[in-house]
Amino acid sequence: MDYFDKIRSKAVNVTRQGNIDVITVSDGKEIPYCHIVALSPLTTKKSEEENNFRSSNSVSLQSHAALRLAIQHLNTGDGTVIKEIDGLNKTCPIRFTMEVIDTERSETIAVSELFKVLSRK
């Protein structure tokens, strides 16, 4: 978990402005966040009778690593891959965070988790 994820996870004073969550930290400073939620099939049950899981293919893990790297580049203004975001952290106050929710290759779980995310305050 990086710096901005830690601040977001401990936040108690959060207001929503459109798609952006604005967190007021202890010194009164406001930090706008764009939180990205990835619903992904990371694991799958071996069978309905068993309660153990097996790993999914590596594509989901690679996708999350790429998303994590992109978020790191946005938050630090690192333009080594995409030159247009060079210095973005100095011109845009929005910080990005992410979470991954395992759908277990189940449409039911995916929809249920999506509703949970959408109903958050």
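Residues numbered from 1 in each chain as written. Predicted model: local features only at pLDDT ≥ 70, side-chain atom pairs only at ≥ 80, totals over all residues. Heavy atoms only, no water.

1. Some words on the confidence of the model for the protein chain
Of the residues in the protein chain, 88% reach a pLDDT of 70 or more, and the chain-wide mean stands at 85. Mean pLDDT per element in the protein chain: strand E5 (residues 53–55) is the minimum at 60, and helix H3 (residues 88–91) is the maximum at 96. (pLDDT = per-residue confidence, 0-100. Helix = DSSP H or I, 4+ residues; strand = E, 2+ residues; numbered from the N terminus.)

2. Describing helix H1 (residues 3–10)
Those residues of H1 that sit buried are Phe4, Asp5 and Ile7. Here the buried residues of H1 occupy an arc of 160° about the axis, which is enough to place them on one side. Set apart from the buried face of H1 by more than 90 degrees, the exposed residues are Tyr3 and Lys10. For H1, the elements touching its buried residues are strand E3 (30–40), helix H2 (58–76) and strand E6 (95–102). (Buried < 20%, exposed > 50% of the residue type's maximum accessible area, 1.4 Å probe, protein only. Arc of directions from axis to C-beta. Contact = heavy atoms within 4.5 Å.)

3. Looking at a nonpolar patch on the surface
A cluster of nonpolar side chains, contributed by Leu39, Val111, Leu114, Phe115 and Leu118, occupies part of the molecular surface with about 480 Å² of accessible area. Top contributing element to the nonpolar patch by residue count: helix H4 (residues 107–118), with four residues. Looking at where Leu39 falls in the secondary structure, it is placed in strand E3. (Patch = residues over 30% accessible without salt bridge, like charges linked within 9 Å, V, L, I, M, F, W, Y side chains within 5 Å. Areas by Shrake-Rupley, 256 points an atom, 1.4 Å probe, with all protein chains shown as cover. Salt bridge = Lys/Arg side-chain N within 4 Å of Asp/Glu carboxyl O.)

4. Considerations on the layout of surface pockets
Quantified by volume, the largest pocket comes out at close to 450 Å³. In this structure, the largest pocket is lined by 16 residues; those nearest its centre are Arg8, Arg16, Asp21, His35 and Arg120. Counting only elements with at least two residues in the lining of the largest pocket, the list comes to H1, strand E1 (14–17), strand E2 (20–24), E3 and H4. The residue makeup of the lining of the largest pocket, split by class, is seven nonpolar, four polar and five charged. (1 Å grid on protein atoms, 1.4 Å probe; cavity = no way out; pocket = protein on both sides within 12 Å on 5 of 7 lines; lining within 4 Å. Points joined across faces, edges and corners; volume = space filled by probe spheres on them. Nonpolar A, V, L, I, M, F, W, Y, C, P; charged D, E, K, R; others polar.)

5. Some words on the environment of Thr24
Among the structural elements, Thr24 can be located in strand E2. Apart from residues lying up to four places away in sequence, Thr24 is in contact with Asn13, Lys29 and Glu30.

6. Thoughts on the pattern of salt bridges
Two side chains carrying opposite charge are able to pair once their charged atoms lie near each other. Enumeration according to the criterion identifies three salt bridges in this entry. Here Asp21 makes a salt bridge to Arg16, at a shortest N to O gap of 2.7 Å. The residue Lys116 makes a salt bridge to Glu113 at a minimum N-O spacing of 3.3 Å. With Lys116 and Glu113 both in helix H4 and three residues apart, the pair spans about one turn of that helix.

7. As for the packing of aromatic side chains
Per the counting criterion, the structure on display carries two aromatic pairs. An angle of 75° between the planes, with centres 5.0 Å apart, marks the rings of Tyr3 and Phe4 as edge-to-face. One aromatic cluster is present, built from ring pairs that chain together Tyr3, Phe4 and Tyr33. (Phe/Tyr/Trp six-rings, centres within 6.5 Å; stacked < 30°, edge-to-face > 60°.)

8. Here's the deal with the side chain of His73
Within the secondary structure, His73 is located in helix H2. Aside from chain neighbours lying at most four places away, what touches His73 is Asp78, Thr80, Val81 and Ile85.

9. Concerning the sheet that holds E6
The strands that make up a sheet pair up through hydrogen bonds in the backbone, lying either parallel or antiparallel. Pairing within the open sheet is mixed, and its four strands lie in the order E1-E2-E3-E6. Two strands bound the open sheet, and with one partner strand each, they are E1 and E6. Across the sheet, the mean angle separating the axes of adjacent strands is 35° when strand polarity is ignored. Inspection of the sheet shows E1 paired to E2 by four bridges, in the antiparallel sense. Across the sheet, Gln17 pairs through a bridge with Ile20, a residue of E2. Relative to the sheet, H2 contacts E3 and E6, its axis offset from that of E6 by approximately 165°. (Pairing = 2+ DSSP bridges. Axes fitted to C-alpha atoms, helices over the stretch in contact; angles between N-to-C directions.)

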